[in-house]
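Fold and contact review
Here are the chains, one letter per residue:
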Amino acid sequence: MSPRSKREYLEVIFLRYKKASRKEKTTILDQFCAVCGYHRKHAIRLLRSFRRFTKPQPRKRGRPSRYHTNGILNPLKTIWVAANLPCSKRLSP
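Residues numbered from 1 in each chain as written. Predicted model: local features only at pLDDT ≥ 70, side-chain atom pairs only at ≥ 80, totals over all residues. Heavy atoms only, no water.

Let's shift gears to the packing of aromatic side chains. The full count for this structure, using the stated rule, is two aromatic pairs. Each ring, one from Phe-32 and one from Tyr-38, has its centre 5.8 Å from the other, and the planes form 55°; the classification is tilted. Taken together, the ring pairs connect Tyr-9, Phe-32 and Tyr-38 into an aromatic cluster. The cationic tip of Lys-25 hangs over the ring face of Tyr-17; the distance from NZ or CZ to the ring centre is 5.0 Å. (Phe/Tyr/Trp six-rings, centres within 6.5 Å; stacked < 30°, edge-to-face > 60°. Lys NZ or Arg CZ within 6 Å of the ring centre and 35° of its normal.)

Turning our eyes to something else, we now look at the pattern of salt bridges. Here the structure, examined in full by the defined rule, presents two salt bridges. For Arg-4, the salt bridge goes to Glu-8, with nearest N and O atoms at 3.8 Å. Here the residue Arg-4 and the residue Glu-8 both occupy positions in helix α1 (residues 3-19), the gap between them amounting to four residues, near one helical turn. The exposure class assigned to Arg-4 is exposed, which follows from its relative accessible area of 66%. (Salt bridge = Lys/Arg side-chain N within 4 Å of Asp/Glu carboxyl O. Helix = DSSP H or I, 4+ residues; strand = E, 2+ residues; numbered from the N terminus. Buried < 20%, exposed > 50% of the residue type's maximum accessible area, 1.4 Å probe, protein only.)

Its 13 residues give helix α4 (residues 70-82) an end-to-end C-alpha distance of 18 Å, which sits within 8% of 18 Å, the value for a rise of 1.5 Å per residue. In the stretch just after α4, Asn-84 is the one whose phi turns positive, near 70°. (Expected span 1.5 Å × (residues − 1).)

Ranked by size, the top nonpolar core spans 13 residues in total, and within it Leu-10, Ile-13, Ile-28, Phe-32, Ala-43 and Leu-47 carry the most contacts. Going through the elements one at a time, α1, α2 (22-36) and α3 (40-49) are the ones with two or more residues in this core. With five residues, α2 is the largest single contributor of residues to this core. Not counting chain neighbours up to four residues away, the residues in contact with Ile-13 comprise Ile-28, Phe-32 and Leu-47. (Core = buried A, V, L, I, M, F, W, Y, C linked by side-chain atoms within 4.5 Å. Contact = heavy atoms within 4.5 Å.)

Moving on, we get to unusual backbone geometry. Phi is positive for Asn-84, close to 70°, though the residue is something other than glycine. In this fold, Asn-84 is placed in the loop between α4 and α5 (88-91). The exposure class of Asn-84 is exposed, given its relative accessible area of 66%. Although it is not a glycine, Leu-85 adopts a positive phi angle of roughly 55°.

Written out as structure tokens, the structure reads:
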């Protein structure tokens, strides 16, 4: 089974799984694992965290920036404009 067809099958199963009772969920989960070849725990996680028609939000990587607060940026911008927009090497002293 291709990844695209697994995704389509997940969309179909998701609605049934969400509305089902506990006993029905076990049978749906068994069928889903048999068809797609997923382990049971992985299938549960897929069905619980599935979101239809949404793109995942890209996460910011790395350390959070220090200087992006208004208390620091606004005075720096006024100094930068008053000094006729110098580069960062000349602005540091």
